[in-house]
Amino acid sequence: MAEINRKNRPKRAIERPANEVRKKPIARVEAETDEIPAQISAISAVDGAIKTPDGIPLIVTNVEESRLIFASLWADVTVETWSYLVLLLIGAGLRFFLLGAEPLNNREASLAWEALHFYRAQPADILSQSPLMFFSTALSFIFFGANDVAVRTLAALASSLLVMSPGLLRPWLGRLNALVAGALLAISPIFVHGGRQADAIALTALGSMILLAAALRYARQSHISTVYVAAIALALMLSAGTGALATLVLWAIFLVGVGLLAQQDSPLGMMGQSVQRTLGNRSYLGRGLLILLAAFLVLSTGFLSNVQGVQASFNSLTAWSTTNNAPIPSLLVIYEPMILVFAVVGAVYSLRAASTLASHLRARSSEGGATAQTGSQSLIPQDIAHFGIFLTFWCASSLVVALFGNAGDLAGLTSISLPAILLAALGIGWLIECLLAAPGLKNEWLFVGFSTVLWVFVYLRAGAFGVDNNQSFLFSLLGAIGLWIVLVFLYVFLMGWPVAWRGAGLMALGLGLLLMFHATWNLNFRFDRPPHELLVPAQTTTEIRRLSDTLAQIFNDRDRSRYLSPVTVDTRLVPLAGWYLRDFEKLAISNGAQVTTSAAVWSPGDLPQMTGVALSQNFRVLATWQYQEMGFNSWVRWYISRESTAPVNYREYIIYINR
């Protein structure tokens, strides 16, 4: 950059900006920090001088002034913002850590196999896939190559962004509660597991959070930008597919219900009046529908590259995958016990808020419209109360739909877990506020200490130090639970309900977080082991990769070419075997009775005739856990240490090599 020729400039043109820097801009940095960042962000360098959008030239003459001006850029970065960034790092770390360590399962391999065909400009079946996952997976192959990590990248990214989505709902959740919800989403075993699988559930959940936030902001501001955001979020949900239809139907039922109650002087009536005002403004409806249609066509067809994506979207919206016989309530109790407990607390909190608002409305009506100021500061904010009622309905109705709709594991669980986590955040936030308002927590911590002794006893009794098939364990467990209940009642009668509530809440929060970390680690980071998780009924082992490596090594030693020799795979083993043998250029899929190629990959007992067989080798590629045969003691021990007495069945592949 050429140096500025200061001698050719008028003297007043140099001195005046310097004076204004010392007098006006620095004073505004100190007194008007909300306006300076917007001006500094639009600074432009013209003729060697720095100018603001108003045209006022600024010349920073010393280091201190420079520090003050650029420090103002961070004036709006609060502790809350840093907290969300930390949660994003934690959530992304849990989702991207060793993302490709575990091989793809059958469902993921089906997506990867069809997307690979599309990527190679070959015929591909999109009708059985989520179109958004299908096209994004093919796109990721362009940037990262065809590998396991590329298949799971979009789901991991969407699940990581989901951690920050409660921040969009701060006016209706509360600042503290929104942070708690983000923390729960970051470490939730179900959402971490969903983010580490090539599945559309994270995209559906993220789209639902954005749509909900946009709809609430439109009800408050009626701005066209929120209509556009809502339309794009709805298109994202529809093109992702899994679980979106059930969520949208439940939201529609809730809107219709509160709309019918709009004439009542109650919290639900107030919500109904807001809904009527929102739907009555139809000026933006046409533009919103156009944006929705355009975004849906772009996302579902991969920028119009395959129009069958529209049909695939409808197929995935109406299909519920069933991969496990385990009932939904059992899965929730095992993986999200703390969420269930505090979701109930959050529902009580919401009902209490609604009751307080109803009493306030009745008092105002009886006084002829005058609002009494006495005790008004103790009222729970109206938006939080209304939002809690909505979350209670969403969570309860999603549970009913999952129970009677034969929902699949991840789709059904996440449709319940998302509103349950938001509702639990209200309960945990209520507990934290009670703890912060208490003058001292000495008695509460004594309660935690006594409870810890009981639960450590249960852990030692049921865990690795326990005795197998000891029926007295059941009585020990029931006795420990009974003693804990007695302890709660003693605190209620001797020290009062608030102390007992705070002590029990502290214990439930600490134990719940411990169990949540325990479930998250065992479900997502125990690689290359037999499946001992209810959400992993059929686990792919790393031997499927060793099968491919073995074939490549044999061909390299025999033919001096790792991937040029012909290989035939049984059609029943596709897509899993086909995906992991994708690098073989002469790969053929067959169900014939005779194979004449160099090598064949088949199931035991079904091998067709081959001539000149010189080598055969077995590979255990799938493991299935028969958890239905476990008794109560075995279940408790499994829950603590993940040690199972139930048998594990293996599914084998065999490779045969011709001479």
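All values derive from a computational prediction rather than experimental measurement.

Draft legend 1. Molecular detail of the overall build of the protein chain. Along the protein chain, the regular secondary structure elements total 27 helices and nine strands. Here the protein chain holds 659 residues, and the buried ones make up 48% of them. Of the contacts formed within the protein chain by residues at least 6 apart in sequence, a portion of 76% connects residues at least 24 apart. Only carbon and sulfur atoms are counted for the fraction: they give 63% of the accessible area of the protein chain, which is about 32000 Å².

Draft legend 2. Spotlight on the nonpolar core. With 143 residues, the main nonpolar core has Tyr335, Leu551 and Val601 as its most contacted residues. Counting residues per element, this core draws most heavily on helix 21 (residues 409–437), which supplies 15 residues. Look past the residues within four positions of Tyr335 in its chain and what remains in contact with it is Pro189, Ile190, Ala519, Leu523, Glu533, Leu534, Leu535, Trp638 and Arg642.

Draft legend 3. Local environment of the environment of His117. Structurally, His117 can be placed in helix 6 (residues 106–119). Under the relative-accessibility criterion, His117 is labelled buried at 16%. Between the alpha carbons of His117 and Ala138 there is a distance of 8.7 Å; along the sequence they are 21 residues apart. Beyond its immediate stretch of four places on either side in the chain, His117 contacts Gln122, Pro123 and Ala124.

Draft legend 4. View of empty space enclosed by the protein. Summed over all chains, the structure comprises four cavities of 30 Å³ or more. Approximately 130 Å³ is the volume attributed to the largest cavity. Lining the largest cavity are Ile201, Thr204, Ala205, Ser208, Thr242, Gly243, Thr247, Trp394, Ala411, Thr414, Ser415 and Leu418. Of all elements in the fold, only helix 12 (201–221) and helix 21 reach the threshold of two or more residues within the lining of the largest cavity. Split into classes, the residues belonging to the lining of the largest cavity amount to five nonpolar, seven polar and no charged. A volume near 80 Å³ is recorded for the second largest cavity. Leu99, Glu102, Arg152, His193, Arg196, Gln197, Leu523, Asn524 and Phe527 together form the lining of the second largest cavity.

Conventions adopted
- Residues numbered from 1 in each chain as written.
- Predicted model: local features only at pLDDT ≥ 70, side-chain atom pairs only at ≥ 80, totals over all residues.
- Heavy atoms only, no water.
- Helix = DSSP H or I, 4+ residues; strand = E, 2+ residues; numbered from the N terminus.
- Buried < 20%, exposed > 50% of the residue type's maximum accessible area, 1.4 Å probe, protein only.
- Contact = heavy atoms within 4.5 Å.
- Areas by Shrake-Rupley, 256 points an atom, 1.4 Å probe, with all protein chains shown as cover.
- Core = buried A, V, L, I, M, F, W, Y, C linked by side-chain atoms within 4.5 Å.
- 1 Å grid on protein atoms, 1.4 Å probe; cavity = no way out; pocket = protein on both sides within 12 Å on 5 of 7 lines; lining within 4 Å.
- Points joined across faces, edges and corners; volume = space filled by probe spheres on them.
- Nonpolar A, V, L, I, M, F, W, Y, C, P; charged D, E, K, R; others polar.

In short, geometric facts, not functional conclusions.
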